[in-house]
Amino acid sequence: RQLDEWFKTVPGIGLLAEHGYWYKPPDWTGDGPPKDWQALVPMGTEELIKRWREIVEPILDQYHDATDGSLIRDKGTSMIWDYRDADPDFGSWQAKELMDHL
């Protein structure tokens, strides 16, 4: 949890991550154990994520394999195909193809 590390010295801070998917409530007293992260999503969301990942992950793998310098970042609640280290023209073209594919 990168946010925990970045903001560990800020007293009483509450945090949101992954576009509001994860929430860490503020610790106003500062005398208890650190608060845990909580998922702020409706019931069943985990199953929906699992289902779209089963479809999307093989497609991203295909573009990763075909594009030298690209990588896939798995953020738990999202996946990112990153092509910034690929050939700029080919990476951009592959990105457009991937959008059409998805």
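Residues numbered from 1 in each chain as written. Predicted model: local features only at pLDDT ≥ 70, side-chain atom pairs only at ≥ 80, totals over all residues. Heavy atoms only, no water.

### What about helix α3 (residues 88–101)?
Note the following rule: A helix here means a DSSP run of H or I that spans at least four residues, while a strand means a run of E at least two residues long, and both kinds are numbered starting from the N terminus. Expected span, for any helix, means 1.5 Å times one less than how many residues it has. Note on exposure labels: buried denotes an accessible area under 20% of the residue type's maximum, exposed denotes more than 50%, and partly exposed covers the range between, all computed with a 1.4 Å probe on protein chains only. In this description, one arc is meant: the one made by directions from the helix axis to the C-beta atoms. Throughout, a residue-residue contact means that at least one pair of heavy atoms, one from each residue, lies within 4.5 Å.
In this model, α3 (14 residues) spans 20 Å end to end at C-alpha, consistent with the 20 Å of a helix rising 1.5 Å per residue. G91, Q94, A95 and L98 are the residues of α3 that are buried. Looking down the long axis of α3, one finds its buried residues gathered within 105° of arc, a one-sided arrangement. Across from the buried face of α3, at angles greater than 90 degrees, the exposed residues are D89, K96 and D100. Against α2 (45–66) and β5 (79–82) lie the buried residues of α3.

### What to know about a nonpolar patch on the surface
For clarity, the threshold we go by: Candidates for patches are residues over 30% relative accessible area with no salt bridge; among them, like charges are joined within 9 Å and nonpolar side chains (Val, Leu, Ile, Met, Phe, Trp, Tyr) within 5 Å. What sets the accessible areas is the Shrake-Rupley method with a 1.4 Å probe; for residues, cover comes only from the shown protein chains. Should a side-chain nitrogen of Lys or Arg be within 4 Å of a carboxyl oxygen of Asp or Glu, the pair is scored as a salt bridge.
On the surface, W6, F7 and V10 cluster together into a nonpolar patch covering about 300 Å² of accessible area. Summarising the element assignment, F7 is placed in the loop between α1 (2–6) and β1 (15–17). Using a relative accessible area of 31% as the deciding quantity, one classes F7 as partly exposed.

### Here's the deal with the layout of surface pockets
Summary: where empty space remains is shown by rolling a probe the size of a single water molecule over the atoms. Just so we agree on the cut-off: Points on a 1 Å grid, built from protein atoms alone, make a cavity when a 1.4 Å probe fits but cannot get out and make a pocket when they are open with protein on both sides within 12 Å along at least 5 of 7 lines; residues with an atom within 4 Å of a point are the lining residues. Grid points are joined across faces, edges and corners, and a volume is the space filled by probe spheres set on the points. For this scheme, ten residues count as nonpolar: Ala, Val, Leu, Ile, Met, Phe, Trp, Tyr, Cys and Pro. Four count as charged, namely Asp, Glu, Lys and Arg, and the remainder, Gly too, count as polar.
Reported here for the largest pocket is a volume of approximately 240 Å³. Forming the boundary of the largest pocket are 15 residues, of which F7, K8, V10, I13 and K24 lie nearest the centre. Residue composition of the lining of the largest pocket, by class: 9 nonpolar, 1 polar and 5 charged.

Function-wise, these values are silent; they only describe arrangement.
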